[in-house]
Amino acid sequence: MLYYKTYEHSTSAEWVTFVHGAGGSSSIWFKQIKSFKKHYNVLLLDLRGHGKSQEIFRRYFTNEYNFENIAKDILEVLDHLKIRKSHFVGISLGTILMRTLCEIAPQRVSSLVMGGAVTRLNIRSKVLVGVGNATKRIIPYMWLYKLFAWIIMPRKRNQESRILFANQAKKLCQKEFIRWFKLTYKLNPLLKYFNENDTRLPTLYLMGNEDYMFLPQVMDLVTKHSNAYLRVIPDCGHVCNVEQPDVFNRMAMEFIDSNSFKTTLN
C-alpha cells in the first residue's frame, strides 16, 4: 500500500485527499495542511515510486504503470481507511489521476479541485514530451526534469516552485523517472477522452494566470462541461498551491464547503 498520513478532525465527517504530481510527494502540500486540517479530515499520500512510497514499491510492486492502476493505488488507501467518499485536491499530473478516479469509482468523489490542471497538450508541450521520450535513457533525468520545470515555470516568481520540485525529483531514481515518463505516451488519447466525456461531478479548476501551457485548454474545457468552474489566480504560474497558497486555500475550501453535506461526527 502507498505511504499515507492522516489528520483527523474531531467533528467533521468530510475527507479531503491530496494528490501530488509526477516527481513530487505529499510534502508539496505543506502550505495547505494547516488551513485544511482545521476544517476537514485530511489524507496525504505519496504516489508509487515517490516520497516514502518509493521503497515500498521497490519491494512489493508488480502491476503495470498506467493511470488506472495508479488511481487504484489511491482507492486502496481509501478502502483501508474506510473512507467511503472524499473531496480531492490535486496539482499538475495529479489532476489526471483524479480524473481517472472519476471513471473507475465516481461514487467515491464528492468534488474535485484541480490545481494547474493538465487537460490537453498544446504543440509546445507535445514537442517537450517527444524530446523527453527520445532522450530519457540518454540524458540524466534531473537535466530533463529541470529543463521541463524551467519551460513550464519560466518566471522569476516561479523559482520557489522550480526548486521545490527539483528537490523532490532528486529522490527519484532514473528507472522510476522513466517508468513515469512512459505514461506520457498515453496522455493524448486519454486527455481527448476526458475532454469528450463530462463527469458532471463538481469540479473547480484553479489556474495561475501565467500558466501559459495549460490555462488556455482549461478555459475551453469549462465552457463545454457542466458543473465545471474556473478561477484564475493572478501573479501565479503552474504550481499555484505553492506560489499563492492563501488564495488557493481560500478558493479551494469555499468550493469544498459548497459541495459538502456539512455532516459532523457529533
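Here goes a summary of the coordinates provided. Note that this is a predicted model, so its numbers are computed, not measured. (Residues numbered from 1 in each chain as written. Predicted model: local features only at pLDDT ≥ 70, side-chain atom pairs only at ≥ 80, totals over all residues. Heavy atoms only, no water.)

**Here's the deal with the overall build of the chain**
When you go through the chain residue by residue, the secondary structure sums to twelve helices and seven strands. Counting across all 266 residues of the chain, residues that qualify as buried make up 58%. The long-range fraction of contacts in the chain, counting pairs at least 24 apart against all pairs at least 6 apart in sequence, stands at 79%. Accessible surface for the chain amounts to roughly 12,200 Å². Of this, 55% is attributable to carbon and sulfur atoms. (Helix = DSSP H or I, 4+ residues; strand = E, 2+ residues; numbered from the N terminus. Buried < 20%, exposed > 50% of the residue type's maximum accessible area, 1.4 Å probe, protein only. Contact = heavy atoms within 4.5 Å. Areas by Shrake-Rupley, 256 points an atom, 1.4 Å probe, with all protein chains shown as cover.)

**Points about the sheet that holds strand S6 (residues 203–208)**
The strands making up a sheet associate through backbone hydrogen bonding, with each pair oriented either parallel or antiparallel. Reading across from one edge, S1-S3-S2-S4-S5-S6-S7 is the order of the seven strands in this open sheet, with mixed pairing throughout. Pairing within the sheet leaves two strands with one partner each, and these edge strands are strand S1 (4–7) and strand S7 (228–233). Strand-to-strand twist across the sheet, computed as the mean angle between neighbouring axes with direction ignored, equals 20°. Inspection of the sheet shows strand S2 (residues 15–19) paired to strand S3 (residues 41–45) by four bridges, in the parallel sense. Residue Phe18 lies in a different strand from S3, and its bridge partner there is Leu44. Along the sheet, helix H10 (residues 215–222) contacts S6 and S7; its crossing angle with S7, the most-contacted strand, is approximately 150°. (Pairing = 2+ DSSP bridges. Axes fitted to C-alpha atoms, helices over the stretch in contact; angles between N-to-C directions.)

**Regarding the side chain of Arg108**
Summarising the element assignment, Arg108 is placed in the loop between helix H4 (94–104) and strand S5 (109–115). For Arg108, a relative accessible area of 14% corresponds to the buried category. Engagement of the side chain of Arg108 in a polar contact is seen with the backbone oxygen of Arg84, the distance being 2.8 Å. Those residues in contact with Arg108 that sit more than four places away from it in its chain are Leu75, Leu78, Asp79, Ile83, Arg84, Lys85, Ser86 and Phe88. (Polar contact = N/O pair within 3.5 Å; in protein donor to acceptor, adjacent residues only side chain to side chain.)

**Quick look at the packing of aromatic side chains**
The final tally for this structure, using the stated rule, is five aromatic pairs. With a centroid separation of 5.1 Å and an interplanar angle of 80°, the aromatic rings of Phe18 and Phe36 are classed as edge-to-face. In this pair, Phe18 sits in strand S2 while Phe36 sits in helix H1 (residues 33–36), placing the two residues 18 residues apart along the sequence. Exposure remark for Phe18: the relative accessible area of 1% places this residue in the buried category. An aromatic cluster is built from Phe18, Trp29, Phe36 and Tyr40, whose rings are joined through pairwise contacts. When the ring centre of Tyr65 is taken as reference, the NZ or CZ atom of Arg48 above it lies at 5.0 Å. (Phe/Tyr/Trp six-rings, centres within 6.5 Å; stacked < 30°, edge-to-face > 60°. Lys NZ or Arg CZ within 6 Å of the ring centre and 35° of its normal.)

Read these as geometric descriptors, not functional statements.
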